[in-house]
Amino acid sequence: MALTNRPRTISRYGTATGTGALAALLLVGVCGSPLYVGWVQDTDPDGAGGWFLRLLAWPAWRLHADDPSQGVLATDLRAILLLILAAALLYLLPAGQAARVQGTASQFLSGWAAYALAGGFSALLAALLGPGGSLLAAFQATGTGVTYGFFAGWIIGLASLGGRA
């Protein structure tokens, strides 16, 4: 039997959840990195491009805590929750609708919506669970998280469009 005639047991493409979660990991890993956050501070905040680049830095993470009493987990809680909730919502949202119509706009919109919801929920939970969290601060942070998820979610939607439902 020739090597080219082996049966394929592994799918060529990943799932919509997997590709979307990988895109979210890359987006948070690159745009939330201390190097990117430091670079984006030099952009023009009054222009649309500078505003968008600054918005992409929203789930910023750090390698060390600025305040030793908080610890690294407290400072990175928003980014960690965003990745966990994005993967969970990417798994839950498209299961019923996108499985029937694979590869259509439904899968794209499900990925986009999952990331917008994950941005809002992660901001809400991080503000409530973080040090000194108040309900007003949590509501204000949720608005910022949903804005981030709406404007960055199309990237996750495109990534989840490439996978199987």
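Reading the values: the criteria
- Residues numbered from 1 in each chain as written.
- Predicted model: local features only at pLDDT ≥ 70, side-chain atom pairs only at ≥ 80, totals over all residues.
- Heavy atoms only, no water.
- Helix = DSSP H or I, 4+ residues; strand = E, 2+ residues; numbered from the N terminus.
- Expected span 1.5 Å × (residues − 1).
- Buried < 20%, exposed > 50% of the residue type's maximum accessible area, 1.4 Å probe, protein only.
- Arc of directions from axis to C-beta.
- Contact = heavy atoms within 4.5 Å.
- Axes fitted to C-alpha atoms, helices over the stretch in contact; angles between N-to-C directions.
- Parallel < 35°, antiparallel > 145°, perpendicular 65-115°, else oblique.
- Left-handed = near helix turned anticlockwise from the far one by under 90°.
- Nonpolar A, V, L, I, M, F, W, Y, C, P; charged D, E, K, R; others polar.
- pLDDT = per-residue confidence, 0-100.
- Patch = residues over 30% accessible without salt bridge, like charges linked within 9 Å, V, L, I, M, F, W, Y side chains within 5 Å.
- Areas by Shrake-Rupley, 256 points an atom, 1.4 Å probe, with all protein chains shown as cover.
- Salt bridge = Lys/Arg side-chain N within 4 Å of Asp/Glu carboxyl O.
- Lys, Arg positive; Asp, Glu negative; His and termini not counted.
- Polar contact = N/O pair within 3.5 Å; in protein donor to acceptor, adjacent residues only side chain to side chain.

Q: So what's going on with helix 1 (residues 16-31)? Residues and values would help.
A: Under the 1.5 Å per step criterion, the end-to-end length of helix 1 is 22 Å for 16 residues, consistent within 8% with the ideal 22 Å. Among all positions in helix 1, only Ala-16, Gly-20, Ala-23, Ala-24, Leu-27, Val-28 and Cys-31 are buried. Mapping the buried residues of helix 1 onto a view down its axis gives an arc of 125 degrees, with all of them on the same face. When the buried face of helix 1 is taken as reference, the exposed residues oriented beyond 90 degrees from it are Leu-26 and Val-30. Here the buried face of helix 1 lies against helix 2 (34-40), helix 3 (48-56), helix 5 (77-92), helix 7 (105-129) and helix 8 (135-161).

Q: Account for the packing of helix 1 against helix 5, naming residues and giving values.
A: As a packed pair, helix 1 and helix 5 sit with axes 9 Å apart at the nearest point and diverge in direction by 165 degrees. If you check the angle between helix 1 and helix 5, you find them roughly antiparallel. Along this stretch, helix 1 crosses helix 5, giving a crossing that reads as right-handed. Contacts from Thr-17, Gly-20, Ala-21, Ala-24, Leu-25 and Val-28 of helix 1 reach helix 5 at Ala-79, Leu-82, Leu-83, Ala-86, Ala-87, Leu-90 and Tyr-91. Among the residues forming the contact of helix 1 with helix 5, the class breakdown is eleven nonpolar, two polar and no charged.

Q: Tell me about the environment of Leu-53, and please be specific about residues and values.
A: In this structure, Leu-53 sits in helix 3. Sequence separation between Leu-53 and Gln-41 is twelve residues, and the spatial gap between their C-alpha atoms is 9.2 Å.

Q: Account for the environment of Leu-77, with residues named and values stated.
A: Among the structural elements, Leu-77 can be located in helix 5. Each C-alpha atom of the pair Leu-77 and Ala-123 lies 9.1 Å from the other, and the pair is 46 residues apart in sequence. Every residue in contact with Leu-77, bar those within four places of it in the chain, is listed here: Ala-126, Leu-129 and Gly-130.

Q: Can you explain the confidence of the model for the protein chain? Please cite residues and give values.
A: Taken as a whole, the protein chain shows an average pLDDT of 82; of its residues, 76% reach a score of 70 or greater. Per-residue pLDDT, averaged within each element of the protein chain, yields its smallest value for helix 6 (residues 94-97) (54) and its largest for helix 2 (93).

Q: Give a detailed account of a nonpolar patch on the surface, specifying residues and quantitative values.
A: On the surface, Leu-93, Leu-117, Phe-121, Leu-125, Leu-128, Leu-129, Leu-135 and Phe-139 cluster together into a nonpolar patch covering about 730 Å² of accessible area. Among the secondary structure elements, those contributing two or more residues to the nonpolar patch are helix 7 and helix 8. The greatest single-element share of the nonpolar patch, amounting to five residues, is contributed by helix 7. Tracing the sequence through the fold places Leu-125 in helix 7.

Q: I'd like a rundown of the side chain of Asp-76, residues and numbers included.
A: Note that Asp-76 resides in the loop between helix 4 (71-75) and helix 5. Here Asp-76 occupies a buried position and makes no salt bridge, while the nearest side chain of opposite charge, Arg-62, is found at 4.4 Å. In this structure, Asp-76 is in contact with Trp-61 and Arg-62, ignoring residues within four places of it in sequence.

Q: Got a sec to walk through the side chain of Ser-122? Specific residues and values, please.
A: Inspection of the secondary structure puts Ser-122 in helix 7. Within the local environment of Ser-122, its side chain forms a polar contact with the backbone oxygen of Gly-119, the two atoms lying 3.1 Å apart.

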